[in-house]
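# Fold and geometry: a report
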Amino acid sequence: MSEGSGIRIRRVELFERPVTLRLPFRFGAATVTGCPQAFVRVEVEQSGRAFTGASAELMVPKWFDKSPALTHEQNFEQLREALRIARAHYTACGDTLSPWRLSQHCGEAALAQAVALGLPRLVAQFGLAQLDKAVADAALRAAGRGWVEGVQQGVLGDPFHAVLTLRRADRVLLRHTVGLADRIFDTDAGPDPQDGLPATLEAALRTYGLTHFKLKLSGKAEADDERLARIAELLDAQGGDYRVTLDGNETFADAQALAAFWQRLRAQPALANLRSRTLLLEQPLPRAIALKTSVAELDIEVPLILDESDDHPQALAEGLALGWRGISSKACKGIYRSLASATQLARAPQSGLLLSGEDLTCQAGLAVQQDSLLASSLGVTHIERNGHHYVDGFGRAPELESASFQAMHPGLYGPLGTPARLQVHGGRLDLSSLHGPGFGSDAIPCWASLQPIH
């Protein structure tokens, strides 16, 4: 698709569906037991023909905006407002533009308005990120191309395809999240929904054949020490040649507290093996100070990467200058942000830089498919996934919807006649069915079952 043969937005529709977690998910200072999933449907016109695209993303509280003064419902409404603002700007644009130019023209205007109205930038980005995914889906369908092929051929009109070589991945390693409220051993007290899915880390290890894990940190010394020691005991005994990443979720007050944590970690013999198998430490410092703090001289031998600080295009460059060694790919922050980050890392003179694949509790269906395809296409070989752990399959979606996704993507969800749940074999996900026309899906939600966001 050239700039002259772009697309024009005809209609944007916003929806949501409640999602109930089967287990409480605790990260940082937040504990989540349920929240809505947002859905976007766009209709675009190209050369007089109409094409539809879609996207979905969970509206997770206390990640986009961690202010303790806000309730979870207020966090949800922030994200709805970001979607509404993005919808208004995209539908008001009567120009025919490539998806990339549309994002630059309408998306940036929506971002500016949302920030001017007081929404944090990470919240404001959510709206245009969801619109951009759906528009990309429609444009790729119009071109009859899948994500990897379409981006590589310039269908989205972005500047990154001239630099990047996207990878068609049919398999990717699943990095299993261990939340702060998760039970470690089968003998630990705690909730078990008795739904046939693992309720402990030990059971998940046994059921899924996991080799990669993401361990949440609380920033509280004694609690983290004790929890990591118990996790190490299990993984050292049963995890084989495992690897872990650590996620601070902005819980360390400053660089000194972070350095002290790592010194304690290094001083504990029981954690020596786990520490040697740690691949990275994600966003330990609050976003308010992370890009004002040099971490280059900290005596921490694993790469420190950014996540929540990624709320503006210069975040990665600013972080690299301060000693940060990479950044996360998350579709909730935008497909073009991930493409831009991968491009910048490919051009950077430093060695050992990382683009990691992280999760916003992506649900079965559009969200997990699009996010997994995005990250794996950029060379990410292991991706944090936790939607399958905290939610049973497609949750409250009608059976018709789950069966449709299962029929079109049986390697990812299992054959019809079995529960429609994410299938993890040998610690891996099967992405081979995600490369058809469009952005990562041959099935669509049951739109009539969703609640409109007005």
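A short tour of the structure in this document, coming up. (Residues numbered from 1 in each chain as written. Predicted model: local features only at pLDDT ≥ 70, side-chain atom pairs only at ≥ 80, totals over all residues. Heavy atoms only, no water.)

### Some remarks on the overall build of the protein chain
- Per the secondary structure count, the protein chain includes 15 helices and 13 strands.
- A compact globule built from 454 residues would reach a C-alpha radius of gyration of about 22 Å, and the protein chain, at 21 Å, matches this within 12%.
- Its C-alpha atoms put the protein chain at 65 × 50 × 40 Å along the principal axes.
- Counting only residues that meet the buried cut, the protein chain has 61% of its 454 residues in that class.
- Here the contacts in the protein chain between residues at least 6 apart in sequence split such that 73% fall between residues at least 24 apart.
- Surface summary for the protein chain: the accessible area is close to 16300 Å², and the carbon and sulfur share equals 51%. (Helix = DSSP H or I, 4+ residues; strand = E, 2+ residues; numbered from the N terminus. Rg over C-alpha atoms; globule rule 2.2 N^0.38 Å. Buried < 20%, exposed > 50% of the residue type's maximum accessible area, 1.4 Å probe, protein only. Contact = heavy atoms within 4.5 Å. Areas by Shrake-Rupley, 256 points an atom, 1.4 Å probe, with all protein chains shown as cover.)

### Here's the deal with the pattern of salt bridges
- A full pass over the atoms with the stated rule returns 42 salt bridges.
- Of the charged contacts in the structure, one is a salt bridge between Arg206 and Asp186, with a shortest N-O distance of 3.1 Å. Of the two residues, Arg206 is situated in helix H5 (residues 201-208) and Asp186 in the loop between strand E4 (171-178) and H5; the sequence distance between them amounts to 20 residues.
- In this structure Arg206 comes out as exposed when scored by relative accessible area, which is 53%.
- On the accessibility criterion, Asp186 (31% relative accessible area) is partly exposed.
- Residues Asp188 and Arg230 are paired through a salt bridge, measuring 2.7 Å at the closest nitrogen-oxygen approach. In this pair, Asp188 is assigned in the loop between E4 and H5 and Arg230 in helix H6 (residues 221-238), connecting sequence segments 42 residues apart.
- One salt-bridge network, in which partners are shared between bridges, spans Arg8, Arg10, Arg11, Glu13, Arg41, Glu43 and Glu45. (Salt bridge = Lys/Arg side-chain N within 4 Å of Asp/Glu carboxyl O.)

### Re the side chain of Asp188
- Take Asp188: its relative accessible area is 15%, and that puts it in the buried class.
- Residues contacting Asp188, with those up to four places away along its chain left out, are Arg183 and Arg230.

### Here we look at the packing of aromatic side chains
- Going through the model one piece at a time under the given rule, you end up with twelve aromatic pairs.
- Each ring, one from Trp63 and one from Phe64, has its centre 4.9 Å from the other, and the planes form 90°; the classification is edge-to-face.
- A ring pair is formed by Trp147 and Phe439, whose centres lie 4.5 Å apart and whose planes are at 25°; its orientation type is stacked. Linking Trp147 in helix H4 (residues 147-152) with Phe439 in the loop between strand E12 (428-430) and strand E13 (451-452), this pair joins segments that are 292 residues apart in sequence. (Phe/Tyr/Trp six-rings, centres within 6.5 Å; stacked < 30°, edge-to-face > 60°.)

### A word on the sheet that holds strand E2 (residues 30-46)
- Read across the open sheet, the four strands follow the order E3-E2-E1-E13; overall the sheet is antiparallel. Each edge of the open sheet is held by one strand with a lone partner, namely strand E3 (49-58) and E13.
- Where E2 lies against E3, ten bridges are found, and the strand directions are antiparallel. Residue pairing in the sheet places Gln46 in a bridge with Arg49 of E3.
- Packed onto the sheet, helix H1 (residues 72-92) meets strand E1 (8-27) and E2 and runs at close to 160° relative to E1. (Pairing = 2+ DSSP bridges. Axes fitted to C-alpha atoms, helices over the stretch in contact; angles between N-to-C directions.)

### With respect to helix H7 (residues 255-267)
- Taking 1.5 Å of rise per residue, 13 residues should cover 18 Å, and H7 covers 18 Å from first to last C-alpha, within 8% of that figure.
- Taken residue by residue, H7 has Ala255, Leu258, Ala259, Phe261, Trp262 and Leu265 as its buried positions. Along the long axis of H7, the arc covered by the buried residues comes to 155°, so they all point the same way. In H7, the exposed positions angled more than 90 degrees off the buried face are occupied by Gln256 and Ala267.
- Among the residues of H7, the N-terminal cap falls to Asp254, whose side-chain oxygen and the backbone nitrogen of Gln256 are separated by 3.2 Å. (Expected span 1.5 Å × (residues − 1). Arc of directions from axis to C-beta. Polar contact = N/O pair within 3.5 Å; in protein donor to acceptor, adjacent residues only side chain to side chain.)

### What to know about the nonpolar core
- Ranked by size, the top nonpolar core spans 98 residues in total, and within it Trp147, Leu156, Phe213, Leu215, Leu246, Leu258 and Phe261 carry the most contacts.
- With residues up to four places along the chain from it excluded, the contact list for Leu246 reads Leu215, Leu217, Leu228, Phe261, Trp262, Leu265, Thr278, Leu280, Leu281 and Glu282. (Core = buried A, V, L, I, M, F, W, Y, C linked by side-chain atoms within 4.5 Å.)

### As for helix H3 (residues 121-143)
- For H3, built from 23 residues, the straight-helix expectation of 33 Å at 1.5 Å per residue is met to within 8% by its first-to-last C-alpha distance of 32 Å.
- Burial runs high along H3: 20 of the 23 residues are buried.

### Examining the environment of Gly34
- Within the secondary structure layout, Gly34 lies in strand E2.
- For the pair formed by Gly34 and Leu412, sequence separation is 378 residues and the distance between their alpha carbons is 24 Å.
- The residues contacting Gly34, other than those within four sequence positions of it, are Val19, Thr20, Leu21 and Phe76.

### Thoughts on unusual backbone geometry
- Non-glycine residue Ser47 carries a positive phi angle of around 50°.
- Summarising the element assignment, Ser47 is placed in the loop between E2 and E3.
- Classification of Ser47 by relative accessible area gives exposed; the value is 73%.
- For Thr361, which is not glycine, the phi dihedral falls at a positive 50°.
- For Thr361, the position within the fold is in the loop between strand E10 (354-357) and helix H12 (366-377).

### Focus: the side chain of Arg277
- Relative to the helices and strands, Arg277 resides in the loop between helix H8 (272-276) and strand E7 (278-282).
- Engagement of the side chain of Arg277 in a polar contact is seen with the backbone oxygen of Tyr242, the distance being 3.2 Å.
- Apart from residues lying up to four places away in sequence, Arg277 is in contact with Gly240, Asp241, Tyr242, Arg243 and Val244.

### Brief notes about the pairing of E3
- Of all ten residues that make up E3, seven are buried, and the element is covered over most of its length.
- Where E2 folds back onto E3 in an antiparallel hairpin, the turn is made up of two residues, including Ser47, whose phi is positive at roughly 50°.

### What about the packing of H1 against helix H2 (residues 99-116)?
- The geometry of H1 relative to H2 is characterised by a closest axis approach of 9 Å and an angle of 140° between their N-to-C directions. By the angle between their axes, H1 is oblique relative to H2. Our pair here, H1 against H2, has a crossing hand that is right-handed. Contacts from Ile85, Ala86, His89 and Tyr90 in H1 reach Leu102, Ser103, Cys106, Gly107, Ala109, Ala110, Gln113 and Ala114 in H2.
- Among the residues forming the contact of H1 with H2, the class breakdown is eight nonpolar, four polar and no charged. (Parallel < 35°, antiparallel > 145°, perpendicular 65-115°, else oblique. Left-handed = near helix turned anticlockwise from the far one by under 90°. Nonpolar A, V, L, I, M, F, W, Y, C, P; charged D, E, K, R; others polar.)

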